[in-house]
Structure formats: C-alpha cells, structure tokens
Amino acid sequence: MVDFLDLKKLYNLNKDEIIERVFDVTNSGWYILGNHASKFEEDFSNYCGVKNTVGTGNGLDALTLIFRAYKEMGIMQDGDEVLVPSNTYIASILSITENNLKPILIEPEIDFYNIDENKIQNKINPRTKAILIVHLYGQVAYTEKIYNIAKSYNLKIIEDSAQAHGAELSGKKIGNLGDASGFSFYPTKNLGALGDAGAVTTNDDDLSDTIRALRNYGSHVKYENKYKGINSRLDEIQAAVLSVKLKYLDDHNRRRIEIANFYNENINNERIKLPKVKYNDPLSHVYHLFVIRILKRQELIDYLESKNIGWFIHYPIPPHKQMAYKEWNDQEYPISEERHNTVLSIPNAPYLSDNDILKIVNVINEFNA
Ligand SMILES: *Cc1c(COP(=O)(O)O)cnc(C)c1O
C-alpha cells in the first residue's frame, strides 16, 4: 500500500526535534505572539530573502489580509479588479471576493497549469489593481512579461505561494518575486505545521505594519485599534514546529524533485501526459503535487485502487463552476475545464522509498484500459 500522503510518516521524519520544541512552548507559559512566533517570522524572512514576514492563522487569511491592507492603505477600493488564474484553488478567489474586489479569471498555459502571460494584457482596464499569480502544484508562476505588464500598468503582483515553499527562479525565492506573498502551512504543504498556520512575506514595510495590526484586531499598540481588524495570529506551538521543519525544507524539496524526475524519466505509458517544467532552473518546480493528465481518468483511478496506490484530484471542479460562484456558472474557460476533467495527482512525499516509487512507475506503465 502506498498512501497518497501519510502525514504521520512525514511527522516521523523530524519527530524528536519537533516534540522537544513543542515542550519548550508548553513549558514556557506564553502561547500567543511570543518568542517562537517572532523567531519563525525572522527565520522565514531570512529563508525567503525578504524584509518582513507576518504570521497568520492560515493561508486564506494571509492572502485575504494582503488585499485588506491594500484597501486600508488606499491602494485598492471596493469593485477594483484582480487578475487570477481560472484553474486555481478556491482560496485564491475567496481572498479577492472577501474584500469586495472582483476576480477576473485568466486561463492557464496548457502545459504548465499556471496563468498565461499572453492572456493578461487585454483584460486590463482602469479598475485593474493587481495580478494574483499562483505557483500551482509547486511550480513558479512568475514571468518577466508579467513583471513588465505589472510595472507599466502600475499593478501589484501578489503571489499565492501556498504550494511552492522554497521554489526559486534564478536564485530568488518565491515570496520575494512580487509585492506581497501569502503562504499556507496547512499540514499537507511542502512546509506544513501540525495544524493551521500561514504567513505573509513582503519587502513593503507599510504593508507589513498594516497586516501586523490587522491580524491582531487592528491593533498597532496594545489596546489601541487603528483598524477594524480580525484575529488571525500564528500561534506559538505551530511557529515552533515550523522553525524545526524549515531547516529540513530544502532536503524535503530535493527528495520531491528527485521522485518527480524519476517519474518523468520512467513513466512511459502513452495514455498519460506528464507535467512539464517551464524553466531550466532545477528549483523552479518543487513538486508539491505530481500531476499527470489522462483522458480515461476514472479507469486509471479504479486500477490504482486495485493496486493499493493512493491518488487525488486537484481539483475536480474549477472555481467558476462552484455553487458558491453561481454568477459565473455559465462562463466558459475551456482550458481550465479540460484540466479539471483530466488531472490526477499520484503520490509524492519526502519519505517515499525507492521501492515505493518503482512500484508506482511499474503499476502505471502496465495500465492499458
Ligand atoms: C492551501 C492553499 C491555500 C489556503 O491555505 P489554508 O492554510 O488552507 O487556508 C491557498 N491557496 C492555495 C493555492 C492553496 O493550495
């Protein structure tokens, strides 16, 4: 049996050190916004090469607070438009609509699953304020063309970095490629906590200060409230866990990439389309997910089940077909829809053995429905 993802095996890779740090917190008598949270914020800033990290309760809040802060700063207003890929996870879209901003869906590049830089320019109008790029499945979505468009129309580039911790382009880490970046440390992510956690990274000090206040009731000085904020802080236990796991992120990503390369080199079933990497840079894809495409998806799923190999679909329904966004249900995004009908994720995790991945390759190569 190879599970799609076994969080306990992931935990066991660093268990002793994690337990030690968790006990530091439980014994300290200080559980919210203490030394562990600030230590992790500092560690993560150093890792990403950015000036500021602000911990949040989860990844959705990190993204939502970026837009909220731009509104408080007078940079965005109700009804302004944000360009975002049509095939992203729903949280990217929710962070926009939660702020009364308008998502404008852009189709992805067919082979890379990320926003198509050539479909951006004709969607820009005076209300357009930002491009939310999503490093989907672990692959860097940033391009020089997107940067140039953003610069010439004065748009913010915001990164949804929830799936690509540690990915980089020409030595520059994600989280440092745009104006601000939202990270999730949901347990399944490349850098995962043992519960909910998230963070914003940015080189913009005003933005960072605003988010720091917004995540804590809008308070910039204790018991003084500058904004009508929310409660979304990174707690001490999760911060302590994350500081441990951050030390192993590069090793874990290296193993994910090694496994992905093995799949790419050895899966040779003509029914299956393998994922493509846009850049030559070996760290530009950290394979949060290894996503193949197959027309006979249900047949492959049934077959994998019979062979005890885990699978998942990321994601079965695109945002514009969700009940929550009824107003978009009759819009058509054919690339996105094809994607959602054919994608299938197979196991990729740092603890997988050479035997596990060899088994997966052999099983998939024998699939002939
Ligand atoms: C996981 C994820 C989020 C949300 O993170 P949470 O911590 O679960 O709120 C946002 N965007 C993408 C692309 C994600 O994969």
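The following paragraphs examine the structure supplied in this document. (Residues numbered from 1 in each chain as written. Predicted model: local features only at pLDDT ≥ 70, side-chain atom pairs only at ≥ 80, totals over all residues. Heavy atoms only, no water.)

**Quick notes on the site of the ligand**
Taken together, Asn58, Gly59, Leu60, Tyr89, Ala91, Val134, Asp160, Ala162, Gln163, Ser184, Tyr186 and Lys189 are the residues near the ligand. Between the ligand and Gly59 there is a distance of 2.8 Å, counted from an oxygen atom to a backbone nitrogen or oxygen. The contact in question runs from a nitrogen atom of the ligand to an N or O atom on the side chain of Asp160, over 2.8 Å. Protein chains bury 90% of the 380 Å² of accessible surface belonging to the ligand in isolation. When each cavity is represented as a set of grid points, the ligand is found to reside in the largest pocket. (Near = heavy atom within 4 Å. Polar contact = N/O pair within 3.5 Å; in protein donor to acceptor, adjacent residues only side chain to side chain. Areas by Shrake-Rupley, 256 points an atom, 1.4 Å probe, with all protein chains shown as cover. 1 Å grid on protein atoms, 1.4 Å probe; cavity = no way out; pocket = protein on both sides within 12 Å on 5 of 7 lines; lining within 4 Å. Sits in = over half its atoms within 2 Å of the grid points.)

**Examining the nonpolar core**
With 76 residues, the main nonpolar core has Phe40, Phe44, Ile120, Ile131, Phe185, Tyr263 and Leu300 as its most contacted residues. The greatest single-element share of this core, amounting to eight residues, is contributed by helix α8 (residues 236–266). Excluding anything up to four places from it in sequence, Tyr263 contacts Leu274, Phe290, Ile346, Pro347, Leu352, Ile357, Ile360 and Val361. Listed in part, the 28 residues of the second largest apolar core include Ala69, Val82, Leu207 and Leu214. (Core = buried A, V, L, I, M, F, W, Y, C linked by side-chain atoms within 4.5 Å. Buried < 20%, exposed > 50% of the residue type's maximum accessible area, 1.4 Å probe, protein only. Helix = DSSP H or I, 4+ residues; strand = E, 2+ residues; numbered from the N terminus. Contact = heavy atoms within 4.5 Å.)

**Remarks on empty space enclosed by the protein**
If you walk through the whole model with that rule in mind, you get two cavities of 30 Å³ or more. Counted as a void, the largest cavity has a volume near 50 Å³. Together, Phe112, Tyr113, Leu136, Tyr137, Gln139, Pro275, Lys276, His285, Leu289 and Val291 line the largest cavity. In this structure, the second largest cavity occupies an estimated 30 Å³ of space. Lining the second largest cavity are Glu109, Phe112, Asn114, Ile115, Gln139, Val140, Ala141, Thr143 and Lys278. Grouping the constituent residues of the lining of the second largest cavity by class yields four nonpolar, three polar and two charged. (Points joined across faces, edges and corners; volume = space filled by probe spheres on them. Nonpolar A, V, L, I, M, F, W, Y, C, P; charged D, E, K, R; others polar.)

**Side note on the packing of helix α3 (residues 35–48) against α8**
Contact pair α3 / α8: the axes reach a minimum separation of 7 Å and the direction vectors enclose 25°. Viewed along their axes, α3 and α8 adopt a mutual orientation that is roughly parallel. The element α3 and its partner α8 pack so that their crossing is left-handed. Contacts between α3 and α8 involve Asn35, His36, Ala37, Lys39, Phe40, Asp43, Phe44 and Tyr47 on the former and, on the latter, Glu236, Ala239, Ala240, Leu242, Ser243, Leu246, Leu249 and Asp250. Across the contact of α3 with α8, the residue classes break down as nine nonpolar, three polar and four charged. (Axes fitted to C-alpha atoms, helices over the stretch in contact; angles between N-to-C directions. Parallel < 35°, antiparallel > 145°, perpendicular 65-115°, else oblique. Left-handed = near helix turned anticlockwise from the far one by under 90°.)

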